[in-house]
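Coordinate analysis (summary)
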Amino acid sequence: MKVLVIGSGAREHAIVWKLLQSPQVEKVFVAPGNAGTSEIAQNIDISATDIQSLIDVARQNKVYFTFVGPETPLAGGLVDAFSKAGLPVFGPTQAAARIESSKVFSKALMTKYGIPTAASRSFSDLNAATNYVKPLKPPIVLKADGLAAGKGVVIAQSTDDAVDALKCMMQDSSLGQAGEQVVIEEYMTGREMSIFAFSDGTALSAPVSACDYKQVFDHNQGPNTGGMGSFSPPDFYTTELGERAMSEVMRPTIKALTSEGAPFAGVLYGGLMVDGNIMRTVEFNCRFGDPETQVIMPRLKSDLVDIVLAVIEKRLERQSIEWSDEACVGVVMAAPGYPGHYPTGLVISGLSDVDQDVMVFHAGTKHDSDGKVVSCGGRVLTVVAKGATLLQARQKVYNNLSRISFDGAHYRTDIAQF
């Protein structure tokens, strides 16, 4: 069969890599893809948000199903459009994707259905938000309502910082429409982990877990990014913890969305904060995470195609899914200046110098006119390795990462270090 994957990041490279391991897959198209996907699949130069052109590509190439990687096309109704066109597609509808695309909707849903989360208030008026913030004790968490590429959360360490952040979002439109409404919530402490489960709208698979690192510098310093590294499974994860996450958060959320007339099919991603016996929801995403996907896909022993088809055909309950017990660690190599302004066109060397069992998933890369792989984004690569333990996987990934270089490359040195 032929498959279309939508997206251009390292997440999509990892998904393509896993799909191609299925004996059922003849060819994978990627729109728009990157230099890494072009080496194993066929890139098509179409934006992930150009829905009609993507429908045309799926039809012209007789694609068996389409796998949507990023959140923006999901929030834009791509799944609805593909379904209307009679094309099988993996991912939630626009209504279900609101679990990620609107923090206001998500918090209201959790409150209504008793899903544990931080206390919060939502605002669309700057003066009201400012007056609410002033008596609060820092740190204060501010979340833009809409999608902001992982940069819509501010943890203000002072009241003045919180007020300034509100002005940037709501008055200066620093995040565009995403910041027109803001959620102000209680600061939570503990250890954060991500839980992923497949859903066909009714059934929910057993979970797989990971931890990611959002801030740009070691020891969780500096501004938030789209993610600087990840590992799976978390060192503190247990089967009992996973079952609590499913029974207290994930299953109730799937039921809540169905009750709201927006059944969720695809991958539900719950960001959870665990503090002793207390588990609360930080946020939901409506797709696989990045960089978590890069450390989850290497642990998936089952055929991803079988799982995708079970979701699309609403028979997930009968589908077995098996995960490796191995640990997996991924470290993001970023362009100089990221997450601020960064140069592009930096020649990348050493990609063929890594060990055979080490994976390098491309994100912001392309081929230049001479055929060289160069950077074209902020997060450039994710270097990934497996091991019997997290320590072994960590040592392997950093040993290999040092063999890859481009001008000004930077990365965290503390991924999976406790």
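The structure presented is a predicted model; accordingly, all values stated were derived computationally and were not measured.

1. Digging into the packing of helix 7 (residues 103-113) against helix 10 (residues 239-259)
Two numbers describe how helix 7 lies on helix 10: the axes approach to 10 Å, and their chain directions differ by 105°. On the basis of the axis angle, helix 7 is roughly perpendicular to helix 10. Listed contacts from helix 10 to Phe105, Leu109 and Tyr113 of helix 7 are Thr253, Ala256, Leu257 and Ser259. Residues belonging to the contact of helix 7 with helix 10 are distributed by class as follows: 5 nonpolar, 2 polar and no charged.

2. Topic: the nonpolar core
Among the nonpolar cores identified, the biggest contains 76 residues, and Leu78, Phe82, Met193, Met250, Phe264, Val329 and Ile404 are the most heavily contacted of them. Take this core: its biggest share by element is 8 residues, from helix 10. Leaving out residues up to four positions away in the same chain, Ile404 has contacts with Met333, Ile348, Ser349, Gly350, Leu351, Val354, Val360, Leu381 and Val383. Ranked by size, the runner-up nonpolar core spans 41 residues in total, among them Phe196, Ala203, Ala210 and Ile307.

3. Overview of the pattern of salt bridges
Taken as a whole and judged by the stated rule, the model has 20 salt bridges. The partner of Arg251 in a salt bridge is Glu243, and the shortest N-O contact between them spans 2.9 Å. A residue is classified by how much of its surface remains accessible, and Arg251, at 33% relative accessible area, is partly exposed. Since its relative accessible area comes to 39%, Glu243 is described here as partly exposed. Here the salt bridges do not stand alone but share partners, grouping Arg11, Glu12, Glu71, Glu100 and Arg287 into one network.

4. Notes on the packing of aromatic side chains
Following the criterion strictly, the structure yields 10 aromatic pairs and no others. Residues Phe196 and Tyr269 carry aromatic rings whose centres are separated by 4.5 Å and whose planes lie at 50° to one another, so their mutual orientation is tilted. Residue Phe196 is located in strand 10 (residues 191-200), and its partner Tyr269 is located in strand 15 (residues 265-275); the two are separated by 73 residues in the primary sequence. Assigned by exposure class, Phe196 and Tyr269 land together as buried. Three or more aromatic residues joined by ring pairs make a cluster, and in this case those are Phe67, Phe90, Phe196, Phe198, Tyr269 and Phe288. A cation over a ring is seen here: Arg98 above Phe105, with NZ or CZ 4.1 Å from the ring centre.

5. Some details on the sheet that holds strand 4 (residues 65-68)
The strand order across the open sheet formed by 5 strands is 3-2-1-4-5, and the pairing between neighbours is parallel. Looking at which strands have only one partner, the edges of the open sheet turn out to be strand 3 (42-43) and strand 5 (89-90). Both strand 1 (residues 2-7) and strand 2 (residues 27-32) contribute to a ladder of 6 bridges, which runs parallel. Looking at the pairing, Lys2 lines up with Lys27 of strand 2. Helix 1 (residues 10-19) rests against strand 1, strand 2 and strand 4 of the sheet, and its axis sits at about 165° to strand 1.

6. What about helix 7?
Structurally, the α-helix is built with 3.6 residues per turn, so residues lying three or four positions apart point the same way. Every buried residue belonging to helix 7 is among Lys103, Val104, Phe105, Ser106, Lys107, Leu109 and Met110, and all of these are buried. Considering only its buried residues, helix 7 is in contact with helix 6 (98-101), strand 6 (120-123), strand 7 (140-144), strand 9 (182-185), helix 10 and strand 16 (278-285). Downstream of helix 7 by one or two residues, Gly114 has phi in the positive range, about 70°.

7. A closer look at the pairing of strand 16
Taken across its 8 residues, strand 16 has 6 buried, putting it largely inside the fold. Examined bridge by bridge, strand 15 and strand 16 share 7 bridges and lie antiparallel to one another. Opposite Gly270, over in strand 16, you have Phe284 as the bridge partner. The hairpin formed by strand 15 and strand 16 contains 2 residues between the paired strands, and Gly276 there has a positive phi angle of roughly 65°.

8. Looking at empty space enclosed by the protein
A full pass over the atoms with the stated rule returns 1 cavity of 30 Å³ or more. Taken as a whole, the largest cavity holds about 60 Å³ of empty space. Looking at the lining of the largest cavity, the elements that each hand over two or more residues are helix 1 and strand 4. Class assignment of the residues belonging to the lining of the largest cavity gives a composition of 9 nonpolar, 2 polar and 2 charged.

9. What about the pairing of strand 1?
By the criterion of burial, strand 1 is predominantly enclosed, with 5 of the 6 residues buried. The parallel pair strand 1 and strand 2 is bridged by helix 1, and the resulting crossover is right-handed. Here 4 bridges tie strand 1 to strand 4, and the two strands are oriented parallel to one another. If you follow Val5 over to strand 4, its bridge partner there is Phe67.

10. Brief notes about the side chain of Ser194
On the secondary structure map, Ser194 appears in strand 10. Reaching out from Ser194, the side chain makes a polar contact with the side chain of Tyr269 at a distance of 3.4 Å. Separated by 3.2 Å, the side chains of Ser194 and Glu292 make a polar contact. Excluding anything up to four places from it in sequence, Ser194 contacts Val208, Ser209, Ala210, Asp212, Tyr269, Gly270 and Glu292.

11. Here we look at the sheet that holds strand 17 (residues 327-334)
With antiparallel pairing, the 8 strands of this open sheet are ordered in space as 16-15-10-11-14-17-21-18. The sheet is open, and its two borders are formed by strand 16 and strand 18 (359-362), each paired with just one other strand. Across this sheet, the average inter-strand angle for adjacent strands is 25°, counted without regard to direction. Across the sheet, helix 12 (residues 304-312) lies against strand 10 and strand 15, angled at about 65° from strand 10, the strand it touches most.

Each value, and the rule that gives it
Residues numbered from 1 in each chain as written. Predicted model: local features only at pLDDT ≥ 70, side-chain atom pairs only at ≥ 80, totals over all residues. Heavy atoms only, no water. Axes fitted to C-alpha atoms, helices over the stretch in contact; angles between N-to-C directions. Helix = DSSP H or I, 4+ residues; strand = E, 2+ residues; numbered from the N terminus. Parallel < 35°, antiparallel > 145°, perpendicular 65-115°, else oblique. Contact = heavy atoms within 4.5 Å. Nonpolar A, V, L, I, M, F, W, Y, C, P; charged D, E, K, R; others polar. Core = buried A, V, L, I, M, F, W, Y, C linked by side-chain atoms within 4.5 Å. Buried < 20%, exposed > 50% of the residue type's maximum accessible area, 1.4 Å probe, protein only. Salt bridge = Lys/Arg side-chain N within 4 Å of Asp/Glu carboxyl O. Phe/Tyr/Trp six-rings, centres within 6.5 Å; stacked < 30°, edge-to-face > 60°. Lys NZ or Arg CZ within 6 Å of the ring centre and 35° of its normal. Pairing = 2+ DSSP bridges. 1 Å grid on protein atoms, 1.4 Å probe; cavity = no way out; pocket = protein on both sides within 12 Å on 5 of 7 lines; lining within 4 Å. Points joined across faces, edges and corners; volume = space filled by probe spheres on them. Right-handed = clockwise from strand over helix to strand, strands pointing away. Polar contact = N/O pair within 3.5 Å; in protein donor to acceptor, adjacent residues only side chain to side chain.

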